[in-house]
Amino acid sequence: MRLCTAAALTAGLGLLAGCAAPGPTLDQRLSAFINRPEGELVAALGVPTRTYEADGRRFLQFESQSTAMAPPEPYPYYPYGYWGMRRPWMSSPGYIVVRCDMTFATRQGIVESFSFRGEGCG
């Protein structure tokens, strides 16, 4: 009886762990740098890819790239064989590069705001 109760409790906890909320979003993670020194930003994200200065503000752009697998075509390709027989050939999955560009605006060495764009920012 105890074994069944323990098994049911373990299974229930496993189901609850599967329903746990995902980690913080990119917006939440990057907002932690607001009102922090520029040095902390560079220490956390590395050296920026580009910098630009205008109107007393400095813009630092960071890039993130990763490779993702693209699903194959849903329809098989039927080329004609040596004797005219049709053999199905499924296309193989492809790979795509997804990017995320993050730009931080600083004034007097303090991070004021940020923005991000790209399909890899989700």
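So, how was this worked out
Residues numbered from 1 in each chain as written. Predicted model: local features only at pLDDT ≥ 70, side-chain atom pairs only at ≥ 80, totals over all residues. Heavy atoms only, no water. Phe/Tyr/Trp six-rings, centres within 6.5 Å; stacked < 30°, edge-to-face > 60°. Helix = DSSP H or I, 4+ residues; strand = E, 2+ residues; numbered from the N terminus. Buried < 20%, exposed > 50% of the residue type's maximum accessible area, 1.4 Å probe, protein only. Disulfide = S-S within 2.5 Å. Contact = heavy atoms within 4.5 Å. Pairing = 2+ DSSP bridges. Axes fitted to C-alpha atoms, helices over the stretch in contact; angles between N-to-C directions.

Novice: When you look at the packing of aromatic side chains in this model, what are you seeing that I'm missing?
Specialist: Geometry of an aromatic ring pair is reported as the spacing of the ring centres plus the angle between the planes. Applying the stated criterion across every chain yields a total of 4 aromatic pairs. Arranged with centres 5.8 Å apart and planes meeting at 80°, the rings of F62 and F104 form a pair that is edge-to-face. Residue F62 is found in strand β2 (residues 57-70), and its partner F104 is found in strand β3 (residues 94-107); the two are separated by 42 residues along the sequence. The pair F62 / F104 is uniform in exposure class, with both members buried. Here F114 and F116 contribute two aromatic rings whose centre-to-centre distance is 6.3 Å and whose plane-to-plane angle is 10°, an arrangement assigned as stacked.

Novice: Can you walk me through the state of the cysteines in this structure?
Specialist: Here, disulfide denotes a covalent bond that connects the sulfur atoms of two cysteines. Tallied over the entire structure, the rule returns 1 disulfide. The partner cysteine of C100 in its disulfide is C121, sulfur to sulfur 2.0 Å. Judged by the sign of its S-S torsion, about 105°, the cystine formed by C100 and C121 is right-handed. Within this pair, whereas C100 is found in strand β3, its partner C121 is found in the segment after β4 (110-117), the two being separated by 21 residues in sequence. Each member of the pair, C100 as well as C121, carries the same accessibility label: buried.

Novice: Please explain the environment of E119 as it appears in this structure.
Specialist: By the secondary structure assignment, E119 is in the segment after β4. Looking at E119, the relative accessible area reads 60%, which means it is exposed. Look past the residues within four positions of E119 in its chain and what remains in contact with it is V97, V98 and R99.

Novice: Help me understand unusual backbone geometry, please; the structure alone is not making it clear to me.
Specialist: For residues other than glycine, phi is negative in most cases, and the peptide bonds are mostly trans. If you check the backbone angles, N35 has positive phi at about 65° while not being a glycine. Turning to its location among the elements, N35 is positioned in the loop between α2 (26-31) and α3 (38-45). Classification of N35 as exposed rests on a relative accessible area of 60%. With phi around 55°, D55 is a residue other than glycine that occupies positive phi space. Tracing the sequence through the fold places D55 in the loop between β1 (50-54) and β2.

Novice: Help me understand the pairing of β4 in this model?
Specialist: Looking along a regular strand, one sees the side chains alternate between the two faces of the sheet. Of the pairings in the sheet, the one linking β3 to β4 comprises 7 bridges and is antiparallel in character. In the strand pairing of β4, T106 is matched with V111. Count of turn residues in the β3/β4 antiparallel hairpin: 2 residues, of which Q108 carries a positive phi of about 55°.

Novice: Hey, could you run me through the sheet that holds β2 in this one?
Specialist: The strands making up a sheet associate through backbone hydrogen bonding, with each pair oriented either parallel or antiparallel. Here we have 4 strands laid out as an open sheet, ordered β1-β2-β3-β4, and antiparallel in their pairing. Edge positions in the open sheet fall to β1 and β4, since each of these has one partner strand only. Taken over all neighbouring pairs, the strand axes of this sheet differ in orientation by 25° on average, direction set aside. Against the sheet, α3 makes contact with β2, β3 and β4, and its axis sits at roughly 20° relative to β2, the strand it touches most.

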